[in-house]
Structure formats: C-alpha cells, structure tokens
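# Results of the structural survey
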Amino acid sequence: MPDRALIGVALALTLLAAGACTTATTASAPTSAPASPSATSTGPVDPAVLGGRVHAAMVKAGSGTGTVTMTGSQPVTASLKFAYPNGQNQVSQATFAMVGSQIDAVYADNGTFVKGLPPALATGKTWARVEPNETDVVSRAVREIGGAASDPRAALSAFPGGQAAVVERQGGTTRYAVTAASGQAAGPVPLDLSVDDQDRPTRMTVTLAGQTVTVVYRDWGAPVKVTVPSADEVGALSLPTG
C-alpha cells in the first residue's frame with residue numbers, strides 16, 4: 001500500500017497540471033477577462049487575458065482529451081478527458097498511475113471525487129469525496145492544485161501583472177512564455193503554453209522542484225463521457241490525524 005504522504009506529494013505535482021476546473025472546486029480561476037487580440041497577434045498579453053481567451057476556446061470546442069507526463073524522481077503518467085455539458089461549467093476526469101497505483105479523480109458541479117485510494121481512506125466506499133475545507137495533503141492536492149490543465153486560467157492566474165510573450169509561431173501554433181511582473185516572484189513555476197489558431201491549448205509545460213510536467217491536449221470536439229459517481233458509491237475521505 002503506498003504511503004499516504006507519497007500519494008499526496010505525487011497528487012500535488014501531477015494535479016498541478018492534470019486537475020480539472022469546475023465552479024465548485026477552483027475559486028482562483030478568473031471568471032472573465034478583458035477583450036484581447038486573437039492568437040494571431042504578435043505583442044505580449046496579460047496572462048489573465050490569455051487564460052480567458054483559452055477558456056472561451058475550450059468551451060466553444062465542447063470537449064477534449066489529453067495526456068500528462070511528469071519526469072523526475074517520481075515519474076507519473078495520466079490521461080485526461082473533459083467536457084462542457086451545459087456550455088460553461090466543466091466536468092472532467094483524470095486517471096493517472098503513480099507509486100504502483102491507479103488513481104481516478106472526477107470533478108463536477110456537485111463535488112470532487114477520488115477513486116483508487118486505500119479503502120480505509122474512503123471509509124469502505126469505492127470513491128472518496130474531497131470536501132472543500134479539508135486541509136490534509138490529499139484533499140489539498142486534489143482540490144486546490146487541480147485546476148491547471150483542463151482550465152489553464154488557474155496556472156496563468158499565478159502571474160498577476162506579468163506577461164505572456166510570443167516566443168514561437170509554427171504551423172498555426174503559437175507558443176507563449178509566461179513571466180511575472182517586474183519586482184515580483186516568478187510565480188510558483190516556470191510556465192510555457194502553446195495554443196492553436198483557434199486559441200485552444202495544444203501543450204502546457206510547468207516545472208516544480210526539479211519535476212517537469214507536460215500536458216498535451218487533443219481530440220477537440222470528440223465525444224467524451226465522464227461518469228460522476230452516485231451517492232451510494234461515495235464515502236468521506238478519512239485520513240489519520242496522528
């Protein structure tokens with residue numbers, strides 16, 4: 001059985017890029033951004049503006065999938081799928097392999113749910129509910145860090161007053177390097193984001209504590225099914241306090 005602290009660390013690093021944004025789980029992502037030029041513009045833009053543009057393009061696409069790879073001392077791989085069934089709020093699922101286990105995380109309007117933890121942590125149920133105010137390492141990793149891939153606004157919001165500068169254009173893809181405002185910390189991680197000619201993300205890379213996480217997006221508009229667990233499948237997340 002994997003050590004729960006190790007689960008939390010791997011979740012935190014992976015979900016930094018692999019989590020999903022919903023109205024219920026990610027308060028830090030901005031709900032709107034000022035109007036801005038499209039991806040064809042050449043000048044730098046505010047990261048929040050870029051995030052709003054990308055989010056609008058993802059909602060317009062309706063659905064998508066992705067993969068996550070994390071290199072370093074604890075390699076992790078994950079698959080993503082996400083959709084916008086009501087045209088705005090996202091329902092998503094991340095499935096990833098780490099420390100010998102497979103973990104599933106589902107994000108929906110009615111909550112955040114995790115499957116694959118030791119049964120004792122989910123009080124004997126298949127899924128555990130991640131409560132919004134819990135402060136344990138697993139809850140924090142799933143709930144608070146899980147916003148950056150399926151809604152890149154969460155990562156871009158870490159650079160207030162900074163800029164996203166175009167560093168490359170090739171084959172309809174525009175790559176941005178995101179930097180902090182002068183005199184401020186450089187954000188939690190170095191961030192590199194590429195978008196296609198419709199502002200949909202194609203790749204995002206973040207680096208944290210010697211670990212590099214890369215998210216590759218694909219299958220825009222493809223049919224995606226995310227099943228939210230029923231109430232009788234869900235138990236409370238129960239972690240020892242000692």
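Notes on the structure in this doc start here.

Applying the stated criterion across every chain, the model contains 4 salt bridges. For R53, the salt bridge identified is with D199, shortest N-O distance 3.4 Å. Taken together, the residues span a long stretch of sequence, with R53 in helix α2 (residues 47–61) and D199 in the loop between β9 (191–195) and β10 (201–208) at a distance of 146 residues. Here R53 and D199 have matching classes, each one buried. Put simply, R200 and D196 hold a salt bridge, and the shortest N to O gap is 2.8 Å.

The next thing to look at is the pairing of strand β8 (residues 173–179). Residue alternation in β8 divides its side chains into a buried set, T174, Y176 and V178, and an unburied set, T173, R175, A177 and T179. Adjacent in sequence and paired antiparallel, strand β7 (residues 163–170) and β8 are bridged by 2 residues, among which G171 carries a positive phi angle near 55°. When β8 meets β9, the two strands line up antiparallel, connected through 5 bridges. In the sheet register, Y176 faces β9, and the bridge partner there is L193.

Procedures and definitions
Residues numbered from 1 in each chain as written. Predicted model: local features only at pLDDT ≥ 70, side-chain atom pairs only at ≥ 80, totals over all residues. Heavy atoms only, no water. Salt bridge = Lys/Arg side-chain N within 4 Å of Asp/Glu carboxyl O. Helix = DSSP H or I, 4+ residues; strand = E, 2+ residues; numbered from the N terminus. Buried < 20%, exposed > 50% of the residue type's maximum accessible area, 1.4 Å probe, protein only. Pairing = 2+ DSSP bridges.

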